[in-house]
Amino acid sequence: MAPTTELVIARHGEAACNVAGIVGGEHGCTGLTDRGHEQVTQLAVRLAAEHAARPFSAFYSTPRLRVVQTAEIIKRALHLPSTIEPDLRGPDHGDADGRPWADVKTAFQGPPQHAPDRPYANGSETWNQYLDRATRALQEWA
């Protein structure tokens, strides 16, 4: 039988930029809300139980503040170091970073996914460029 890899993916807790409707890239992300910290604490307890039963061999994170804060809580519970993988970060938003999503979507005439091969702001990745980057990073693990 061929060896298999189990991949457990957990999203960050509630982020302040998401609650405010702000594009949360490198500049617009201001971290987790109090509720987000509580959510991640609950997730860390669950992941620690899974890790005790079937130990994880690696733990990866991305460099966005909300994800780094999420990873800090989880790695304390798992007693497992995290590796930051920059290519798994969310889309590079260019000039949209830190702006209200409503304004970005109005200017683009919809969300980035609706025209996946067109940049939605000056300097942004297209939706498909983002997906290609993240997919390549995941394929390197497998």
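Residues numbered from 1 in each chain as written. Predicted model: local features only at pLDDT ≥ 70, side-chain atom pairs only at ≥ 80, totals over all residues. Heavy atoms only, no water.

Caption draft 1: View of the layout of surface pockets. Looking at the largest pocket, its volume works out to about 1,600 Å³. Lining the largest pocket are 49 residues, and of these V8, I9, A10, Y60 and L88 lie nearest its centre. Of all the secondary-structure elements, those providing two or more residues to the lining of the largest pocket are helix 1 (16-20), helix 2 (34-53), strand 1 (60-61), helix 3 (65-78), helix 4 (101-108) and helix 5 (127-141). At 6 residues, the largest contribution of residues to the lining of the largest pocket is made by helix 3. There is about 190 Å³ of room inside the second largest pocket. Partitioning the lining of the second largest pocket into residue classes produces 3 nonpolar, 4 polar and 5 charged. (1 Å grid on protein atoms, 1.4 Å probe; cavity = no way out; pocket = protein on both sides within 12 Å on 5 of 7 lines; lining within 4 Å. Points joined across faces, edges and corners; volume = space filled by probe spheres on them. Helix = DSSP H or I, 4+ residues; strand = E, 2+ residues; numbered from the N terminus. Nonpolar A, V, L, I, M, F, W, Y, C, P; charged D, E, K, R; others polar.)

Caption draft 2: Structural detail: the nonpolar core. One finds L32, V40, L43, A44, L47, F59, A71, I73, I74, L78 and L80 forming the largest nonpolar core, which totals 11 residues. Elements with a minimum of two residues in this core: helix 2 and helix 3. If near-sequence neighbours (up to four positions away) are discounted, I74 is found in contact with V40, L43, A44, L47 and F59. A96, V104, F108 and A115 belong to the second largest nonpolar core, which has 7 residues in total. (Core = buried A, V, L, I, M, F, W, Y, C linked by side-chain atoms within 4.5 Å. Buried < 20%, exposed > 50% of the residue type's maximum accessible area, 1.4 Å probe, protein only. Contact = heavy atoms within 4.5 Å.)

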